[in-house]
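In case you want the letters, here they are:
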Amino acid sequence: MDWNHYRFRSLWALPAPPATVYDVLARPEDYPHWWRQVREATRLDGTTGVIRIRSVLPYDMTCTAREVRRDRAAGVLETALSGDIEGWARWTVTPHGTGSVARYDQVVSVHKPLLRRLAVPGRPVFRVNHALMMRSGRRGLLRHLQAV
């Protein structure tokens, strides 16, 4: 088993139409306004940006995100990630009742040296850290959607 390899999935039930949720998620440079763990998101060009995140644990992770799929009709936003983590992340937004579900899938390997050294003992803590970040992101998006 590669202790530095992670698969994550989060499902966010949201009371907004899929098109509205998709439009918000399609603007990662705005994430810091509603998702407090996304400390910085800087667009470099039309398909690439740099993102810096920090959840509960006292370390930042920085990566370059390059858009590989943007399909509004299918509700899919997918990026390739490189830097402190390497792999991919994908949002899939689908209708659900009168609202929508935003599904977040991520498959990454950690390259940040400190986290690699702590891979075995830290793995459960890193997974909880990610879960807390995603929970906070959902709450922030809910507040943001109510304001728009």
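Numbering of residues begins from 1 in every chain and follows the order in which that chain's sequence is written. Only residues with pLDDT of at least 70 get local features here, since the model is predicted, and only at 80 or more are side-chain atom pairs given and counted; chain-wide, interface and lining totals rely on the full set of residues. To get the side-chain values, all heavy atoms of the structure are used, and hydrogens and water are removed first.

Draft legend 1. Molecular detail of the sheet that holds strand β5 (residues 76-83). Pairing between strands is defined by DSSP: at least two bridges between them are needed. Secondary structure counts use DSSP, requiring at least four H or I residues in a row for a helix and at least two E residues in a row for a strand, with both numbered from the N terminus. What the seven strands build is an open sheet, ordered β1-β7-β6-β5-β4-β3-β2; its pairing is antiparallel. Two strands bound the open sheet, and with one partner strand each, they are β1 (5-14) and β2 (38-43). Across the sheet, the mean angle from the axis of one strand to that of its neighbour is 20°, orientation sign disregarded. The pairing of β1 with strand β7 (residues 99-110) spans 10 bridges and is classified as antiparallel. Residue pairing for β7: Y6 is matched across the bridge by V108. Set on the sheet, helix α4 (residues 119-147) makes contact with β1, β2, β3 (48-53), β6 (85-96) and β7; between it and β1 the angle comes to about 25°. In this description, a line fitted to the C-alpha atoms serves as the axis of each element, helices being fitted only across the stretch in contact, and the angle between N-to-C directions of two axes falls anywhere from 0 to 180 degrees. The contact criterion used is simple: two residues touch if any of their non-hydrogen atoms lie within 4.5 Å.

Draft legend 2. Broad picture of the nonpolar core. Here the nonpolar core consists of buried residues drawn from Ala, Val, Leu, Ile, Met, Phe, Trp, Tyr and Cys, with membership extended through side-chain atoms lying within 4.5 Å. We call a residue buried when its accessible area falls under 20% of the maximum for its residue type, exposed when it is over 50%, and partly exposed in between, using a 1.4 Å probe and counting protein chains only. Residues W12, L25, W35 and W91 are the most contacted members of the largest nonpolar core, which totals 38 residues. For this core, the leading source of residues is α4, giving six residues.

Draft legend 3. Summary view of the packing of aromatic side chains. Pairing of aromatic side chains here covers Phe, Tyr and the six-membered ring of Trp, requires ring centres within 6.5 Å, and sorts the geometry by plane angle: under 30 degrees stacked, over 60 edge-to-face, intermediate tilted. Under the definition given, this model contains eight aromatic pairs. Ring plane angle 65° and centroid distance 5.5 Å describe the contact between W12 and W35, whose orientation is recorded as edge-to-face. Of this pair, W12 sits in strand β1 while W35 is found in the loop between α2 (31-34) and β2, placing the two residues 23 residues apart along the sequence. Taken as a pair, W12 and W35 share a single burial class, namely buried. Chaining the aromatic ring pairs together yields one cluster made of W12, Y31, W34, W35, W91 and Y104. One residue, R123, lies across the ring of Y6, its end atom 4.3 Å from the ring centre. Criterion for a charge above a ring: Lys NZ or Arg CZ within 6 Å of the ring centre, and within 35 degrees of the ring normal.

Draft legend 4. Broad picture of empty space enclosed by the protein. Points on a 1 Å grid over protein atoms alone make up a cavity when a 1.4 Å probe fits among them but cannot get out, and a pocket when they form an open set with protein on both sides within 12 Å along at least five of seven lines; lining residues each have an atom within 4 Å of a point. Grid points are joined across faces, edges and corners, and a volume is the space filled by probe spheres set on the points. Counting across every chain of the model gives one cavity of 30 Å³ or more. Approximately 810 Å³ is the volume attributed to the largest cavity. Contributing elements (two or more residues each) for the lining of the largest cavity: β1, β2, β3, β4 (61-71), β5, β6, β7 and α4. In terms of residues, the lining of the largest cavity owes the most to one element, β4, which gives seven residues. Split into classes, the residues belonging to the lining of the largest cavity amount to 28 nonpolar, nine polar and nine charged. We call Asp, Glu, Lys and Arg charged. Ala, Val, Leu, Ile, Met, Phe, Trp, Tyr, Cys and Pro are nonpolar, and the rest, Gly among them, are polar.

Draft legend 5. Just the environment of T42, in detail. Examined against the element boundaries, T42 turns out to sit in strand β2. Considered as a pair, T42 and E29 are 13 residues apart in the sequence and their alpha carbons are 5.7 Å apart. Contact partners of T42, with chain neighbours within four places excluded, come to G49 and V50.

Draft legend 6. Broad picture of a positive patch on the surface. Taken together, the side chains of R36, R39, R135, R139 and R143 make up a positively charged region of the molecular surface. Within the secondary structure, R39 sits in strand β2. Judged by its relative accessible area of 37%, R39 falls in the partly exposed class. Exposure above 30% relative accessible area and the lack of any salt bridge qualify a residue for a patch; like charges then connect within 9 Å, and the nonpolar side chains Val, Leu, Ile, Met, Phe, Trp and Tyr within 5 Å. Using a 1.4 Å probe, the Shrake-Rupley method yields the accessible areas, and only the shown protein chains count as cover for residues. Basic side-chain nitrogens of Lys or Arg form a salt bridge, by our definition, when they fall within 4 Å of a carboxyl oxygen of Asp or Glu. This count recognises Lys and Arg as positive and Asp and Glu as negative, with His and chain-terminal groups excluded. To locate a charge, take atom NZ for lysine, CZ for arginine, CG for aspartate or CD for glutamate.

Draft legend 7. Quick look at the side chain of D84. Residue placement: D84 occurs in the loop between β5 and β6. Among the residues examined, D84 registers a relative accessible area of 17% and is labelled buried. The term polar contact refers here to a pair of N or O atoms within 3.5 Å; inside protein, the definition further demands a hydrogen-donor-capable atom paired with an acceptor-capable atom, and it admits residues adjacent in sequence only when both atoms are side-chain atoms. Side-chain polar atoms of D84 contact the backbone nitrogen of T62, separated by 2.8 Å.

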